[in-house]
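So the chains spell out like this:
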Amino acid sequence: MFEKLKQHWKVNGLNLALIITTFAVGGSLCGYAGRKLLALTHLDKGFLWIVLYIVLITLLWPLAVLIISIPLGQFTFFKKYIVKIFSRFSGKQTSHHTKTVNIAIFASGAGSNASKIIESSLLGSHYKVALIVCNKAGAGVMDIAAKAGIPSLLIEKEQFFKGDAYLPILQKNNIDFIVLAGFLWKIPGALIKAYPKKIINIHPALLPKYGGKGMFGHHVHEAVINNKEKESGITIHYVDEIYDHGAIIFQATCSIAENDTAATLAQMVHVLEHEHYPKIIAEVVQ
Ligand code: GRF
């Protein structure tokens, strides 16, 4: 339940504890103040008393939680929360800018990038990881999804390459955007058409070099080292129907020393990926 709340409100564990405390203390304070105010009227505890009490605590509650939220550092959260409640009552929609974008992460491996993206979404981003899609039973990313309480979908090759077989599931989960993070199958045209400019990938080298079929994982880093490159890095790009080919959104580089190996290069590249991918996703989905 706590994991779901953390995800829903996009907060970390500490903030969730402070928010719950604010609800509890603010609620008690408003109940106490309501009873004290009603005592001034000398009314008997009958029907009228109950009606007045309900009206009073409804009015006092926003004020009480806002006051308590200040010393607990949760004012911004509660201000937004109360505005949201009022706009629901008044029938106004939340503005376009605050809409949460639901993303699906497609991954086949350990899922270290997926994990960083989930972490960042929980720390107050405007995107939510709503689904993890994986093609390998037992892949690390499935455990990450389970621990974070995120629904996951294990896909099957023949169905996937039909192109639109999994579209209804993506739509049912209200997926707005797809992020590939170590997903090795080529994305079929039907899926690209269904999500135009809404699928991005991260590649562990500086495209257009060291991309294309067969260029994944250690193969990329080995090729870079064998060619005695002086630098490598990461490329975040839109996905089109050709492997590692779509428009480049962002690149970051790292220098390669003479004694670097494919393994040390892989580590440097992972650091860059973890640092930049969540931030770039936040910018692109906006
Ligand atoms: C990353 O290096 C990414 O660039 C590539 O696949 C790898 C996935 O690593 N597309 P992880 O599973 O996120 O650790």
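Residues numbered from 1 in each chain as written. Predicted model: local features only at pLDDT ≥ 70, side-chain atom pairs only at ≥ 80, totals over all residues. Heavy atoms only, no water.

**Re the site of the ligand**
Okay, step 1: In the region of the ligand, the neighbouring residues are Ala-110, Gly-111, Ser-112, Asn-113, Gly-182, Ile-202, His-203, Pro-204, His-270 and Glu-273.
Okay, step 2: In this structure, Gly-111 approaches the ligand through a main-chain N or O atom, which is 2.8 Å from an oxygen atom.
Okay, step 3: Take Glu-273: an N or O atom from its side chain is 2.3 Å from an oxygen atom of the ligand.
Okay, step 4: Protein chains shield 84% of the accessible area of the ligand, which is 370 Å² for the free molecule.
Okay, step 5: Taken atom by atom, the bulk of the ligand overlaps the second largest pocket.
Okay, step 6: Mapped onto the shell around the ligand, the elements with two or more residues apiece are α5 (112-122), β5 (199-203) and α11 (262-285).
Okay, step 7: Here the shell around the ligand is built from residues that sort into three nonpolar, six polar and one charged. (Near = heavy atom within 4 Å. Polar contact = N/O pair within 3.5 Å; in protein donor to acceptor, adjacent residues only side chain to side chain. Areas by Shrake-Rupley, 256 points an atom, 1.4 Å probe, with all protein chains shown as cover. 1 Å grid on protein atoms, 1.4 Å probe; cavity = no way out; pocket = protein on both sides within 12 Å on 5 of 7 lines; lining within 4 Å. Sits in = over half its atoms within 2 Å of the grid points. Helix = DSSP H or I, 4+ residues; strand = E, 2+ residues; numbered from the N terminus. Nonpolar A, V, L, I, M, F, W, Y, C, P; charged D, E, K, R; others polar.)

**Regarding the domain arrangement of the protein**
Okay, step 1: Domain parsing of the protein yields domain 1 (11-90) and domain 2 (99-285).
Okay, step 2: The C-alpha centroid of domain 2 is placed 43 Å from the C-alpha centroid of domain 1. (Domains from an automatic or database assignment.)

**Notes on the nonpolar core**
Okay, step 1: Counting residues in each nonpolar core, the largest one holds 42 residues, and the members touching the most others are Ile-103, Ile-105, Ile-117, Tyr-277 and Ile-281.
Okay, step 2: Counting residues per element, this core draws most heavily on α11, at eight residues.
Okay, step 3: Beyond its immediate sequence surroundings of up to four residues, Tyr-277 is in contact with Asn-113, Ile-117, Val-179, Leu-180, Ala-181, Ile-200, Asn-201, Ile-202 and Ile-236.
Okay, step 4: The next biggest cluster of nonpolar side chains, apart from the first, holds 22 residues, and it includes Leu-180, Trp-185, Tyr-195 and Ile-199. (Core = buried A, V, L, I, M, F, W, Y, C linked by side-chain atoms within 4.5 Å. Buried < 20%, exposed > 50% of the residue type's maximum accessible area, 1.4 Å probe, protein only. Contact = heavy atoms within 4.5 Å.)

**Observations concerning helix α6 (residues 140-148)**
Okay, step 1: Of all the residues in α6, the buried ones are Val-141, Met-142, Ala-145 and Ala-148. All buried residues of α6 fall inside an arc of 135° around its axis, so they share one side. Every exposed residue of α6 that faces more than 90 degrees away from the buried side is listed here: Ala-146 and Lys-147.
Okay, step 2: Count one or two residues on from α6 and you reach Gly-149, which has phi positive near 70°. (Arc of directions from axis to C-beta.)

**Structural notes on the pattern of salt bridges**
Okay, step 1: With the rule as written, the count across this model stands at three salt bridges.
Okay, step 2: For the salt bridge of Asp-176 with Lys-99, the shortest nitrogen-to-oxygen distance reads 3.5 Å. With Asp-176 in the loop between α8 (167-172) and β4 (177-180) and Lys-99 in the loop between α4 (75-89) and β1 (101-106), this pair connects stretches of sequence that are 77 residues apart.
Okay, step 3: The partly exposed category is assigned to Asp-176, whose relative accessible area is 25%.
Okay, step 4: Under the relative-accessibility criterion, Lys-99 is labelled partly exposed at 46%.
Okay, step 5: Here Glu-119 and Lys-116 are joined by a salt bridge, their closest N and O atoms 4.0 Å apart. Highlighted residues: Glu-119 and Lys-116, both in helix α5, separated by three residues, approximately one helical turn. (Salt bridge = Lys/Arg side-chain N within 4 Å of Asp/Glu carboxyl O.)

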